[in-house]
Amino acid sequence: MTEHVEWSEPEAPAPSAQAPVTPADAADAARLVSFGLQPKLLPARDQEYADLLRRYREDPPFARLADAVAAGLGLVVLEVSPRAGMAVTAAEDSVFAVRMSDYARRTAADSGDRFLHGLAHLAVAAMAFPRPEDLADDGYIGRVTVNGVDAFVRQACRRLEERAAEQGENTDPATDAPGLEAAWRIWARRSATGATKDARRPAASTTGIVAKAVTFLTDSGFLQRTGDESGGTYRTTARYQLQVRDMAGNAAMAELLELGVVPVTDGTPTLLPADETDDLDLVADAGLPFHSG
């Protein structure tokens, strides 16, 4: 009687120790992060960028190194893909963080206008991706216009005014305390277009504020201008979709969206507010992609 013997494959040799990180590896990782900080640069148009992206996706140690470089610079990696490149956003303490106060100062706006600039950015994000499925679909492209965003905010203003009246809230705060006014009250009182001697759009008008917002987003690689109709037409980029996903639970954005102003053809809900969120007041520094301060 012969004994049955099970044959097995010879044991694989123990994996060799991981190769040490070289200065060249660190330089390549930093180079990839630097590409990510150029939001208008697309991997399809730069071979070095495309090669480093491929290495990131195929070489886990290199990916960890690039992530560490980004983290050391105060950056959060949102996605690394051929469609978005190395999409990063700045943490609040990052040297690359853009603050609403700095943005407003560049517009020569007074302190009250900080509310308006923040609201304009929120409105663009809300109109660009009005439904959860739009935000979740990588192939979805949102489209906005300057006049459309202004009309959306003014409709939201009317909804908020109606709600305040129903709840018996003061809808006419003291004129000597503009800092206490809600953003919608300031917007509703501001002229949409204003008038200048040469027919230009005044920067302090609400359409001027929206135009400033979409220009900033275009310069930042979040929007692409597609035409001049309705004050300027724009389409979203993959990077903007990632940014809006990152702030979709923002209380101010939830407040704006729950009004139901954005037209949704199939009647499905808009973006959901953050869980157990009680404070849904619009705040001065709540504009994408800014930090307070």
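Above this text is the structure in question.
By convention here, each chain's residues receive numbers from 1 onward along its written sequence. In keeping with the model being predicted, local features are shown solely for residues with a pLDDT of at least 70 and side-chain atom pairs are shown and tallied solely at 80 or more, while totals for entire chains, interfaces and linings include all residues. Note: side-chain values were computed over all heavy atoms of the structure, leaving out hydrogens and water.

Enquirer: Please give an account of the overall build of the protein chain that cites residues and values.
Expert: Scanning the protein chain from N- to C-terminus turns up 11 helices and 5 strands. Accessibility here uses a 1.4 Å probe with only protein chains present; expressed as a share of the type maximum, an area under 20% marks a residue as buried, one over 50% as exposed, and anything in between as partly exposed. Across the 293 residues of the protein chain, 44% fall into the buried class. Residue contacts are defined here by distance: any two heavy atoms, one from each residue, within 4.5 Å place the two residues in contact. Summarising the internal contacts of the protein chain: among those between residues at least 6 apart in sequence, 64% fall at separations of at least 24. Areas reported as accessible are Shrake-Rupley estimates using a 1.4 Å probe. Residue values count occlusion only from the protein chains shown. Carbon and sulfur atoms form 52% of the exposed surface of the protein chain, whose accessible area is close to 15900 Å². The helix count covers DSSP runs of H or I at least four residues long, the strand count covers runs of E at least two residues long, and both are numbered beginning at the N terminus.

Enquirer: Quick one: what's the story with the side chain of R154, residue by residue and with numbers?
Expert: One can find R154 in helix α7 (residues 146-166). Apart from residues no more than four positions distant in its own chain, R154 is found in contact with W187, A188, R190, S191, A192 and T206.

Enquirer: Account for helix α9 (residues 206-219), with residues named and values stated.
Expert: By this rule, a helix spans an expected 1.5 Å times one less than how many residues it contains. Between its terminal C-alpha atoms α9 stretches 20 Å, which fits the 20 Å expected from 14 residues at 1.5 Å a residue. Burial of α9 is extensive: 11 of the 14 residues sit out of reach of the surface. Among the residues making up α9, those that are buried are T206, T207, G208, I209, V210, A211, A213, V214, F216, L217 and T218. Trailing α9 by a residue or two, G221 shows a phi angle of about 80 degrees, which is positive.

Enquirer: Please give an account of the nonpolar core that cites residues and values.
Expert: Take the buried Ala, Val, Leu, Ile, Met, Phe, Trp, Tyr and Cys residues and link them wherever side-chain atoms come within 4.5 Å; each set so joined is a nonpolar core. In terms of nonpolar packing, the biggest core is built from 36 residues, with V124, W187 and Y240 touching the most fellow members. Contributing elements (two or more residues each) for this core: α5 (113-128), α7, α8 (183-189), α9 and α10 (238-246). For this core, the leading source of residues is α5, giving 10 residues. Aside from chain neighbours lying at most four places away, what touches V124 is V144, V149, V214, L217, L223 and Y240. Counting residues in each nonpolar core, the second largest holds 19 residues, with L32, L52, A66 and M86 among its members.

Enquirer: Account for the sheet that holds strand β3 (residues 143-145), with residues named and values stated.
Expert: Two strands qualify as a pair provided DSSP detects at least 2 bridges between them. The 3 strands lie next to each other as β3-β5-β4, forming an open sheet whose pairing is antiparallel. The outermost strands of the open sheet, each flanked by one partner alone, are β3 and β4 (223-227). Within this sheet the neighbouring strands show an average axis-to-axis angle of 35 degrees, counted without direction. On the sheet, α7 packs against β3 and β5 (233-236) and is oriented at approximately 80 degrees with respect to β3. Orientation is described by axes fitted as lines to C-alpha atoms, over the contacting stretch for helices, and by angles from 0 to 180 degrees between their N-to-C directions.

Enquirer: Help me get a handle on the pattern of salt bridges, residues and values and all.
Expert: Salt bridge criterion: a side-chain nitrogen from Lys or Arg within 4 Å of a carboxyl oxygen from Asp or Glu. Within the structure shown, the criterion is met by 13 salt bridges. Between E48 and R31 there is a salt bridge; the shortest N-O distance is 3.2 Å. In this pair, E48 sits in helix α2 (residues 47-58) while R31 sits in helix α1 (residues 23-36), placing the two residues 17 residues apart along the sequence. R31 sits in the partly exposed class, given a relative accessible area of 36%. Close ionic contact of D134 with R131 constitutes a salt bridge, the shortest N to O distance being 2.8 Å. Accessibility classification places D134 together with R131 in one group, the buried group. Overlapping salt bridges bring together D25, D28, R55 and D59 as one network.

Enquirer: Describe α2, naming the residues involved and giving the relevant values.
Expert: Because the α-helix completes a turn every 3.6 residues, residues three or four places apart line up on one side. Taking 1.5 Å of rise per residue, the 12 residues of α2 would be expected to cover 16 Å, and the 16 Å separating its terminal C-alpha atoms lies within 8% of that figure. Y49, A50, L52, L53 and Y56 are the residues of α2 that are buried. Viewed along the axis of α2, the buried residues span an arc of 165 degrees, placing them on a single side of the element. For α2, exposure combined with an orientation more than 90 degrees from the buried face picks out Q47 and E58. Structurally, α2 contributes buried residues whose contacts are with α1, α3 (60-72), β1 (75-81), β2 (85-90) and α10. Side-chain atoms alone can form a polar contact between residues adjacent in sequence; in general such a contact is a pair of N or O atoms within 3.5 Å, and within protein one must be able to donate a hydrogen while the other accepts it. At the N-terminal end of α2, a side-chain oxygen is found 3.1 Å from the backbone nitrogen of E48, two or three residues along, and the residue is D46. What the arc covers is the set of directions going from the helix axis to the C-beta atoms.

Enquirer: Which residues make up the packing of α2 against α3, and what are the values?
Expert: Contact geometry for α2 and α3: axes closest at 5 Å, N-to-C directions at 110 degrees. Considered as vectors, α2 and α3 are oriented roughly perpendicular to each other. Between α2 and α3, the residues in contact are L52, R55, Y56 and E58 and P60, F62, A63, A66 and D67, respectively. Side-chain classes are defined by residue name, with Ala, Val, Leu, Ile, Met, Phe, Trp, Tyr, Cys and Pro counting as nonpolar, Asp, Glu, Lys and Arg as charged, and the others, Gly among them, as polar. Along the lines of polarity and charge, the residues of the contact of α2 with α3 split into 6 nonpolar, no polar and 3 charged. Throughout this description, any angle smaller than 35 degrees is read as roughly parallel, any larger than 145 degrees as roughly antiparallel, any in the 65 to 115 degree range as roughly perpendicular, and the remainder as oblique.

Enquirer: Can you break down unusual backbone geometry residue by residue, with the values?
Expert: Backbone geometry at S230 places phi at a positive 55 degrees, although glycine is not the residue there. With a relative accessible area of 38%, S230 lands in the partly exposed category.

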